[in-house]
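# Descriptive analysis of the structure
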Amino acid sequence: DLKQIKSAEGQILRTYDPGYMNTCCCVSRISYIDGDKGILRYRGYPIEQIAERATFEETAFLLLHGELPTDSQLKEFNRSLMKHCHVHEDVKKFISSFRHDAHPMAMFAATMAVNGSLYPSSNPSIAGQDVYKDKAVRNEQILRILGQAPVIGALIHRHRSGQTINGPDESLGYTENFFNMMDKKGEVAYRPNPKLVHALDVLFILHQEHELNCSTAATRHLASSGVDVYTAIAGAIGALYGPRHGGANEAVVRMLETIGSKEEVPKFIESVKKGEKKLMGFGHRVYKNYDPRAKLIRRLADEVFDVVGREPLVEVAMELERVALSDEYFVKRKLYPNVDFYSGLIYKALGFPTDFFPILFVIPRITGWLSHWNEFLDDPDNKIVRPFQVYKGSGLRNFPSGDLKY
Ligand code: ACO
């Protein structure tokens, strides 16, 4: 549907491409998607193999550096993540100033932006525009943001639920540490049960990177202005918050709760077909086939239900999927379950509050954002991102005459 914008002489000047349906804006080597075949690869490795064989930390190293780590590189990477995970005391105070009912995503985005003011010696607006030419400076920001993300998430959760802080434990892995910091004594949820830690680790891996989705494109867009990386990541968190993107996992569970039972599914599907509602967790800009991550998550759900009991809403979700996949409306438009369709049900079964689900997307996706930030800075073709518009507003007109203000 590209429309060509021509000059008065008929020369093609630009293309009009709302939503960038057909526009490539960078060369990348981080992840590969074939949306028609339902393929996703990180640095060439199929997502199915990574989910089965790697840990979050190994995958983070792979995405950031292009190759899997050796044993000693992995040890050093884990040690550095732990070294950088401690947040500034001012950040703790800032988080504690929010109301208990503030949305966790608003708190996370604001906290990340605050971080941008705490490290002036690595901020291009203060330390000079060349500061990120030094790869050691860049690497330090990467480790700090990756290391702090689960700590910030846990601090937000514990503040909202009126609990004191559980500090990070350097003897634990990334995901287990996060569970441990969320933990409330005496509750089944968040207790670092190895099977649940494994399930969350796989979920984190599946969310780490997904080429130029809305929030990753936002990271590159913001980075192109030369702003500090904390502000660029805060902007990406803002983009991910929306229900069409990372907020969909929260929206799916709210939708399933509203539908309530299997019997109500046909009525709901009819309202979707009439355009009154969206089937949240369905559809994707790139996948016109089953999202490979959704396939893996569907299987993972059973592992979690074996430990914590079956989440009753899964029956509604499975019925929705069954009805939608055999309905002409969804078949014609190639609408399949995406990553968010079943992930929320797992988070719910694990005991996370519904409005916390997008945070469980942000924490791992930070890896992808930082990998793209790094790649963008190394790209000799990088330029400030500045698309054009097609102006259809009023022609020249004179402002109404009257008294001059000054
Ligand atoms: N329910 C009902 N109809 C849908 C849905 C849906 N979830 N998604 C797309 N459609 C329909 C549209 O109405 C449109 O129909 P039309 O051709 O009759 O106008 C057609 O399918 C094409 O949809 P677009 O909106 O043009 O597709 P686009 O690529 O722009 O949007 C998006 C993709 C935003 C993901 C969309 O499918 C959607 O809103 N899905 C629900 C929200 C969701 O689950 N988001 C998470 C996506 S994955 C992620 O970001 C992590």
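Quick caveat, the model's predicted, so the values are computed rather than measured.

### A look at the site of the ligand
- Around the ligand there are 20 residues in total, and A248, L279, F282, G283 and R285 lie nearest to it.
- Tallied by class, the residues present in the shell around the ligand amount to seven nonpolar, eight polar and five charged.

### A short note on helix α7 (residues 135–160)
- The first and last C-alpha atoms of α7 sit 37 Å apart over 26 residues, in line with the 38 Å expected at 1.5 Å per residue.
- Along α7, the largest kink reaches about 35° and is centred on A149; proline P150 follows within four residues of it.
- G162, located one to two residues past α7, shows a positive phi value of around 70°.

### Brief notes about the confidence of the model for the chain
- Residues with a pLDDT of 70 or more make up 97% of the chain, whose mean pLDDT is 94.
- Interface scoring of the predicted complex returns ipTM 0.97; its pTM is 0.95.

### Some remarks on helix α2 (residues 56–65)
- Among the ten residues of α2, eight are classified as buried, and the element is accordingly described as predominantly covered.
- Turning to α2, its buried residues number three or more, namely F56, E57, T59, A60, F61, L62, L63 and L64.
- Positive phi shows up at G66, right after α2, with a value of about 95°.

### Details of the packing of α2 against helix α3 (residues 71–83)
- The interhelical angle for the contact between α2 and α3, taken along N-to-C directions, is 100°, at an axis separation of 10 Å. Considering their axes alone, α2 and α3 lie roughly perpendicular with respect to each other. For the pair α2 and α3, contact is made by E57, E58 and F61 and by Q73, L74, F77, N78 and L81, respectively.
- Its residues assigned to classes, the contact of α2 with α3 shows four nonpolar, two polar and two charged.

Rules used in this analysis
Starting afresh in each chain, residues are numbered from 1 along the sequence in its written order. Given that this is a predicted model, residues contribute local features only at a pLDDT of at least 70 and side-chain atom pairs are listed and counted only at 80 or more, while totals for whole chains, interfaces and linings are drawn from all residues. Any residue whose C-beta atom, as set from the backbone, lies within 6 Å of a molecule or strand is reported as near that molecule or strand. Gly is placed with the polar residues, together with every amino acid not listed as nonpolar (Ala, Val, Leu, Ile, Met, Phe, Trp, Tyr, Cys and Pro) or charged (Asp, Glu, Lys and Arg). Under the scheme used here, helices are H or I runs from DSSP no shorter than 4 residues and strands are E runs no shorter than 2 residues, and both carry numbers assigned from the N terminus. Every helix has an expected span of 1.5 Å times one less than the residues it contains. Across the chain, bend at a residue is computed as the angle between axes fitted to the seven residues ending at that point and the seven starting from it. Summary of the metric used: pLDDT quantifies the predictor's per-residue confidence within the range 0 to 100. Partly exposed residues are those whose C-beta has more than 12 but fewer than 20 other C-beta atoms within 10 Å; 20 or more makes a residue buried and 12 or fewer makes it exposed, with C-beta atoms placed from the backbone. Fitted lines through C-alpha atoms serve as axes, helices being fitted only where they are in contact, and the angles separating the N-to-C directions of these axes extend from 0 to 180 degrees. Small angles under 35 degrees read as roughly parallel and large ones over 145 as roughly antiparallel, with 65 to 115 read as roughly perpendicular and the rest as oblique. C-beta atoms are placed from the backbone for every residue, and two residues are taken to be in contact when these atoms lie within 7 Å.

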